[in-house]
Amino acid sequence: EIKGFAFDMDGVIADTARFHGQAWHQLADKVGTTWTPELADALKGVSRMDSLELILKAGGHENDYSQDEKVALATEKNDNYVKLVETLTPADILPGMKAFLDELKAAGYHLVLASASKNAPKVLKYLQLTDYFEGIVDPAKLSKGKPDPEIYVEAAKTMNLPVNEVAGVEDAQAGIQAINGAGELSIGIGSGLKDADVKFNETSEVSLDAIKAQL
Ligand code: B16
Ligand code: MG
């Protein structure tokens, strides 16, 4: 029986995937990597430094920069991203997600955030959703990013629940792999998430009844 939900943030709760995309696109142009929809998808859920490596590799530039230069590139991307994040308001919560969080809260489920983003506390603040979550897994304390299961294992610990009583909600393939690897119920939102236990096309379709209908 599911007693807690671990939420991905970017692309699930917050309409920020477009901001990450915009800021990485700018970075790709700068290093000379062609920006494609496939590359944009491959970056979803992936940590900042791993995303940078994927962009450099896609253009054959992985050996063109020192470690310090890579950190500077990632910092530049993040500065651009943070400027976009500061424009967020509660209107940028993805359709239906506020209602779903309210439904879960009212039904007494545990809720934690399992986002790879170091900017997650800031984003939740601008969306005025901070109080919904009993904890935020700190990605800085993890040794491996998604698709490694670590972040979802930590999410279960934060709620004091065994993994089989936890459901994870994700919009990215890397995230679904992480949930499945942790032994939790995976709920995928978006296209191309074939490994998800429960699948939705849009955030607006997600509710407890709609999940139960697929179990
Ligand atoms: P930051 P999620 C992920 O968040 C994003 O999907 C991914 O695009 C981003 O690179 C990653 O967070 C790290 O974010 O640079 O803000 O630390 O989908 O796991 O909520
Ligand atoms: Mg995501």
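Everything numeric in this text was worked out from a predicted model, so none of it was measured. (Residues numbered from 1 in each chain as written. Chains lettered and ligands numbered in written order. Predicted model: local features only at pLDDT ≥ 70, side-chain atom pairs only at ≥ 80, totals over all residues. Heavy atoms only, no water.)

Colleague: Tell me about the overall build of the chain, residues and numbers included.
Modeller: The helix and strand inventory of the chain stands at nine helices and six strands. For a compact globule of 215 residues, the expected C-alpha radius of gyration is about 17 Å, and the chain comes in at 17 Å, within 12% of that figure. Across the 215 residues that make up the chain, the buried fraction comes to 46%. Partitioning the contacts of the chain with sequence separation of at least 6, the portion at a separation of at least 24 is 61%. (Helix = DSSP H or I, 4+ residues; strand = E, 2+ residues; numbered from the N terminus. Rg over C-alpha atoms; globule rule 2.2 N^0.38 Å. Buried < 20%, exposed > 50% of the residue type's maximum accessible area, 1.4 Å probe, protein only. Contact = heavy atoms within 4.5 Å.)

Colleague: Let's hear about the coordination of the magnesium ion (ligand 2): which residues, and what values?
Modeller: Metal coordination angles in their ideal form are 109.5 degrees for the four-donor tetrahedron and 90 or 180 degrees for the six-donor octahedron. Asp-8 (OD), Asp-10 (O) and Asp-171 (OD) make up the full set of protein donors to the magnesium ion (ligand 2), lying at 2.0 to 2.2 Å. One chain supplies every donor to the magnesium ion (ligand 2), and in sequence these donors are spaced D-x1-D-x160-D. Taken together, the residues span a long stretch of sequence, with Asp-10 in the loop between strand 1 (4-7) and helix 1 (17-31) and Asp-171 in the loop between strand 4 (166-170) and helix 8 (173-182) at a distance of 161 residues. Since its relative accessible area comes to 13%, Asp-10 is described here as buried. (Donors = N, O, S within 2.8 Å, 3.2 Å for Na, K, Ca; no water.)

Colleague: Requested: an account of the pattern of salt bridges, with residues and values cited.
Modeller: The full count for this structure, using the stated rule, is twelve salt bridges. Between Lys-3 and Glu-165 there is a salt bridge; the shortest N-O distance is 3.8 Å. Of this pair, Lys-3 sits in the segment before strand 1 while Glu-165 is found in the loop between helix 7 (150-158) and strand 4, placing the two residues 162 residues apart along the sequence. According to the relative accessible area criterion, Glu-165 is buried, its value standing at 19%. Of the charged contacts, one joins Lys-146 and Glu-170 as a salt bridge, the two residues approaching to 2.8 Å between their closest N and O atoms. Here Lys-146 is found in the loop between strand 3 (135-136) and helix 7, whereas its partner Glu-170 is found in strand 4, with 24 residues between them in sequence. (Salt bridge = Lys/Arg side-chain N within 4 Å of Asp/Glu carboxyl O.)

Colleague: Tell me about the side chain of Lys-77, residues and numbers included.
Modeller: Checked against the element boundaries, Lys-77 lands in helix 4 (residues 67-85). No salt bridge forms around the buried Lys-77; measuring N to O, its nearest opposite-charge neighbour Asp-10 is 7.6 Å away. Apart from residues lying up to four places away in sequence, Lys-77 is in contact with His-20, Ala-23, Trp-24 and Leu-27. (Lys, Arg positive; Asp, Glu negative; His and termini not counted.)

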